[in-house]
Amino acid sequence: MSLFQNVTEYMQDNGMLTNVKAVVVGVSGGADSVALLRVLCEFHELTIKVVHINHMIRGEEADRDEAFVTQLCEILGVSCTVYREDIPKMACEKHMTEEEAGRIFRYECFNKEAEALKNQLNDDSHNKSKDTKDIDKSVRIAVAHNMDDLAETVLFNMVRGSSLLGLAGIKPVNGRIIRPLLMTSRVEIEEYLGSLGQSYITDSTNLVEDYTRNKIRLSIIPQLREINDGATSHIVEIAKEARQLSRDINLEIARDYYQEIKQESRGNKADTSQRREIDIAVFQRLSSLAKGELVLSMMESICGRRKDITREHISLVSGLAGMESGKSVNLPYDMYAYRSYDKIVISKNLRKSDTADSTKVNESASFGVIETEVIPYDESLDLSKKEYTKLIDYDKINFVPVLRTPESDDFIVVSQDGGSKKLSRFFTHSKVDREARISFPVVADGSEIIWAVGLRLSERYKVTAGTKNVMRITYKK
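Presented here is a report on the structure given in the accompanying data block.

## Description of the overall build of the protein chain
- Helix and strand counts for the protein chain come out as 17 helices and 19 strands.
- Out of the 477 residues in the protein chain, the part that is buried amounts to 46%.
- Pairs at least 24 residues apart make up 70% of the contacts formed inside the protein chain by residues separated by at least 6 positions.
- Accessible area for the protein chain stands at about 25,100 Å²; split by element, carbon and sulfur atoms hold 48% of it.

## A word on the sheet that holds strand E8 (residues 328-331)
- An order of E7-E10-E9-E8 is seen for the four strands of this open sheet, with the pairing classed as antiparallel. Only two strands of the sheet have a single neighbouring strand rather than two, namely strand E7 (275-279) and E8. Strand-to-strand, the axes of this sheet are offset by a mean angle of 20°, without reference to chain direction.
- Pairing between E8 and strand E9 (residues 335-340): four bridges, direction antiparallel. Residue Asn330 lies in a different strand from E9, and its bridge partner there is Tyr336.

## Structural notes on the pattern of salt bridges
- Inspection of the entire model under this criterion finds 23 salt bridges.
- The residue Arg84 makes a salt bridge to Glu66 at a minimum N-O spacing of 3.0 Å. Of this pair, Arg84 sits in strand E3 (residues 79-84) while Glu66 sits in helix H3 (residues 60-76), and the two are 18 residues apart along the sequence.
- Exposure remark for Arg84: the relative accessible area of 46% places this residue in the partly exposed category.
- Here Arg275 makes a salt bridge to Asp433, at a shortest N to O gap of 2.5 Å. Of this pair, Arg275 sits in strand E7 while Asp433 is found in the loop between helix H16 (423-429) and helix H17 (434-437), placing the two residues 158 residues apart along the sequence.
- Its relative accessible area of 3% is what places Asp433 among the buried residues.
- Salt bridges linked by common partners bring Asp149, Glu152, Arg186 and Arg217 together as one network.

## So, the pairing of strand E17 (residues 448-452)
- For E17, the tally of buried residues reaches five of five residues, placing the bulk of the element in the interior.
- Sheet topology places E17 next to strand E18 (residues 456-457); two bridges connect them, and they run antiparallel. By the bridge assignment, Ala452 is partnered in E18 with Arg456.

## Describing helix H10 (residues 231-261)
- The first and last C-alpha atoms of H10 sit 44 Å apart over 31 residues, in line with the 45 Å expected at 1.5 Å per residue.
- Largest kink in H10: about 30°, centred on Ala254.

## So, unusual backbone geometry
- For Asn19, which is not glycine, the phi dihedral falls at a positive 60°.
- Looking at the secondary structure, you find Asn19 in the loop between helix H1 (3-13) and strand E1 (22-26).
- Residue Tyr333 is not a glycine yet carries a positive backbone phi of 55°.

## Re the sheet that holds strand E12 (residues 389-393)
- Ordered in space as E11-E19-E12, the three strands form an open sheet in which the pairing is antiparallel. The open sheet is flanked by strand E11 (369-376) and E12, the only strands paired with a single partner. Within the sheet, the average angular offset between the axes of one strand and its neighbour, ignoring direction, is 25°.
- The pairing of E11 with strand E19 (residues 469-476) spans eight bridges and is classified as antiparallel. Opposite Glu373, over in E19, you have Arg472 as the bridge partner.

## Notes on the packing of aromatic side chains
- Applying the stated rule across the entire model yields seven aromatic pairs.
- Measuring from centroid to centroid gives 5.5 Å for Tyr107 and Phe110, while their planes differ by 85°, and the two rings are edge-to-face. Here Phe110 and Tyr107 lie together in helix H5 (residues 98-125), a separation of three residues that amounts to about one turn. Like Phe110, Tyr107 is buried.
- Arranged with centres 5.5 Å apart and planes meeting at 20°, the rings of Tyr336 and Tyr338 form a pair that is stacked. When sorted by exposure, Tyr336 lands in the same class as Tyr338, which is buried.
- Against the face of Phe283 rests Lys291, its NZ or CZ located 5.7 Å from the ring centre.

## Details of the pairing of E7
- Across the five residues that make up E7, a large majority, four, are buried.
- Both E7 and strand E10 (residues 343-348) contribute to a ladder of five bridges, which runs antiparallel. By the bridge assignment, Arg276 is partnered in E10 with Ile346.

Conventions and cut-offs
Residues numbered from 1 in each chain as written. Predicted model: local features only at pLDDT ≥ 70, side-chain atom pairs only at ≥ 80, totals over all residues. Heavy atoms only, no water. Helix = DSSP H or I, 4+ residues; strand = E, 2+ residues; numbered from the N terminus. Buried < 20%, exposed > 50% of the residue type's maximum accessible area, 1.4 Å probe, protein only. Contact = heavy atoms within 4.5 Å. Areas by Shrake-Rupley, 256 points an atom, 1.4 Å probe, with all protein chains shown as cover. Pairing = 2+ DSSP bridges. Axes fitted to C-alpha atoms, helices over the stretch in contact; angles between N-to-C directions. Salt bridge = Lys/Arg side-chain N within 4 Å of Asp/Glu carboxyl O. Expected span 1.5 Å × (residues − 1). Bend = angle between axes of the 7 residues up to and from the residue. Phe/Tyr/Trp six-rings, centres within 6.5 Å; stacked < 30°, edge-to-face > 60°. Lys NZ or Arg CZ within 6 Å of the ring centre and 35° of its normal.

Here's what the structure looks like:
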């Protein structure tokens with residue numbers, strides 16, 4: 001079977017082109033990306049948009065690559081956009097390696113072009129009411145990772161300290177990104193280009209061991225093949241098994257963790273983009289692999305990447321489940337995790353400038369609104385079981401109730417005889433961790449708390465047999 005047939009079947013098996021109308025193709029000019037472009041050009045119903053990145057690292061050689069790709073696209077009759085960026089400068093400014101800076105910039109360009117294509121298709125179809133999710137599926141980003149790249153990634157993840165699921169390596173489909181050549185070897189790719197009489201260029205940086213991946217490619221993989229000719233294929237098979245295991249583990253997490261906690265009301269949290277909580281009781285019932293993947297996925301959802309998050313970091317976070325409240329660990333990407341009562345909290349470190357003045361933090365908090373209505377009291381009005389709607393005795397209010405965040409002098413009445421607690425002590429008793437308290441919504445009458453939203457209504461403001469008028473308060477996020 002030809003390479004084109006193999007790749008076509010692989011794309012079909014993984015739904016890479018299902019409902020797809022256009023593909024953005026990253027083309028460097030090397031054998032892999034040129035082969036990918038030639039294969040996709042055989043799908044005449046597809047709109048092809050090539051993106052070439054000039055990283056401005058190799059001087060005249062980089063300009064040669066750019067010229068080759070633009071000329072190839074003219075011959076094939078496909079659109080091409082070239083981006084230029086001083087990657088060494090970018091890497092220095094952002095304190096990262098040139099490899100990482102280049103990857104980040106490439107995918108920013110790919111996504112920019114994909115969005116432009118999506119909008120163009122939407123305009124051309126004159127169907128602006130079409131569901132956004134369906135529109136997103138109509139454009140994919142194709143990159144030229146192949147079987148050898150997959151094997152190298154598995155080895156790289158192993159030596160970097162990845163978890164067992166990290167052995168899955170590169171995903172065939174990741175959101176809108178597709179990798180049609182992932183089960184095709186470099187030898188097959190070069191033979192395919194030879195059969196077409198198609199030339200390609202070689203990046204000189206791929207031939208020196210200055211980069212970690214090049215060391216694996218140029219030194220380690222050849223030595224493994226000396227031990228066994230099928231070394232690459234065997235590593236890829238392990239990756240396939242790890243990918244299936246990953247699917248099973250994620251099904252377990254969805255079923256045995258998220259399904260268990262989905263009914264819990266935890267509406268009073270800090271910014272969810274910077275913070276994740278793990279329910280320890282439910283967490284402890286997961287398998288060890290599921291625990292690790294849950295922790296890793298939560299860290300990734302905060303920082304946007306998994307690179308540099310190792311097995312040791314995952315173990316440190318998981319270990320907090322067996323420690324006392326208040327224990328914490330530091331994590332990569334300016335994150336930390338700590339035990340807070342019955343939860344493990346993973347969060348971004350707040351900058352000193354953000355925390356130096358807690359009053360400013362409170363004043364800037366934006367977490368919802370309250371709607372109020374004053375009505376005559378009727379015994380049929382029973383909202384005691386409504387978590388975000390409460391009735392209070394209107395005649396007991398001194399000032400206009402306001403929704404705000406906690407202040408240092410706040411207190412709440414907790415007993416019918418008028419006994420009160422400082423709000424901070426009440427939070428401690430209710431196991432609300434310190435970070436969440438900063439933006440916790442409370443309805444206040446001066447310094448007296450009428451309602452700690454979702455937690456408790458003050459005893460002093462509760463409706464009694466003598467109540468004549470009530471205020472109905474509804475909290476909305």
